[in-house]
Amino acid sequence: MSTDEEPTFTVKLLQLLLLSTYWGMQIWVTFISSFVMDNHLNRHTYGFIQSRLVPFYLHLGSACAFFNLTIYAVYHPSEMLDDREAFQIFIFFVSVTVAAVNAQWFGQMTSEIMADMHLIEQACGLGQDIGLSSNREAYAKLCETDVKYRHLSSRLWLYRLLSSLCNLCCIGCNFYSLCYMAENLGTL
């Protein structure tokens, strides 16, 4: 289904909208909203919002990445690719793959583990403190005394780390793609 025709204005606009939507979501969810919510919401409210927001963000990001790859591949037949175009397809492919793994596995596991931890914290009277860094002593003590909570905490740390690395990889891929598109703009 690939074509060597020039993409229409609508296709170019769709490509740009998908890429910029994904980029904007990444910056907002990763940096801005996380810092604002951390400083103004209690742990359980923050966790509840994240458990609803992040899966939606990850799945929508996967869809944007997939459609970006699809549109680009349709208008860049493999037999006609130069090295930079081939690398751009590779970047889109990495973004799709990493975003899908994050959405289907790491993000889902993080939400499930966090929900289990919240139940234990609520039973111990914790979770209503503002900010993730407040009352650390109580959470450290809970980790020491509750084996299940300690296990969940270490698993949460691992899945958050893996999810964050996936997210940063996708941010890097989208930054490269934005640079590539800007480099190929005819004019502003």
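Provided above is the structure to which this section pertains.
Residues numbered from 1 in each chain as written. Predicted model: local features only at pLDDT ≥ 70, side-chain atom pairs only at ≥ 80, totals over all residues. Heavy atoms only, no water.

**Q** An account of the layout of surface pockets is needed here, citing residue identities and associated values.
**A** Considering only enclosed or pocket space, the largest pocket measures out at about 750 Å³ in volume. Lining of the largest pocket is provided by 25 residues; of these, Glu-6, Pro-7, Lys-12, Met-181 and Asn-184 occupy positions nearest its centre. Contributions of two or more residues to the lining of the largest pocket are made by helix 1 (9-40), helix 2 (43-74) and helix 5 (147-183). Looking at the lining of the largest pocket, the element that brings in the most residues is helix 1, giving 6 residues. Partitioning the lining of the largest pocket into residue classes produces 16 nonpolar, 4 polar and 5 charged. Its volume calculated, the second largest pocket comes out at about 640 Å³. (1 Å grid on protein atoms, 1.4 Å probe; cavity = no way out; pocket = protein on both sides within 12 Å on 5 of 7 lines; lining within 4 Å. Points joined across faces, edges and corners; volume = space filled by probe spheres on them. Helix = DSSP H or I, 4+ residues; strand = E, 2+ residues; numbered from the N terminus. Nonpolar A, V, L, I, M, F, W, Y, C, P; charged D, E, K, R; others polar.)

**Q** Give a detailed account of the environment of Leu-158, specifying residues and quantitative values.
**A** Tracing the backbone through its elements, the reader meets Leu-158 in helix 5. The class for Leu-158 is partly exposed, based on a relative accessible area of 39%. Sequence separation of Leu-158 and Lys-148 is 10 residues, and the distance between their C-alpha atoms is 16 Å. (Buried < 20%, exposed > 50% of the residue type's maximum accessible area, 1.4 Å probe, protein only.)

**Q** With reference to specific residues and values, describe the packing of aromatic side chains.
**A** Inspection of every chain in the model, using the stated rule, returns 8 aromatic pairs. Aromatic pair Phe-87 and Phe-90: ring centres 5.9 Å apart, planes at 35°, arrangement tilted. With Phe-87 and Phe-90 both in helix 3 (residues 83-123) and 3 residues apart, this pair spans about one turn of that helix. A relative accessible area of 38% places Phe-87 in the partly exposed class. Measuring from centroid to centroid gives 6.2 Å for Trp-105 and Tyr-159, while their planes differ by 65°, and the two rings are edge-to-face. Placement of the pair is Trp-105 in helix 3 and Tyr-159 in helix 5, with a sequence separation of 54 residues. Trp-105 gets classed as partly exposed once you look at its relative accessible area, which sits at 44%. (Phe/Tyr/Trp six-rings, centres within 6.5 Å; stacked < 30°, edge-to-face > 60°.)

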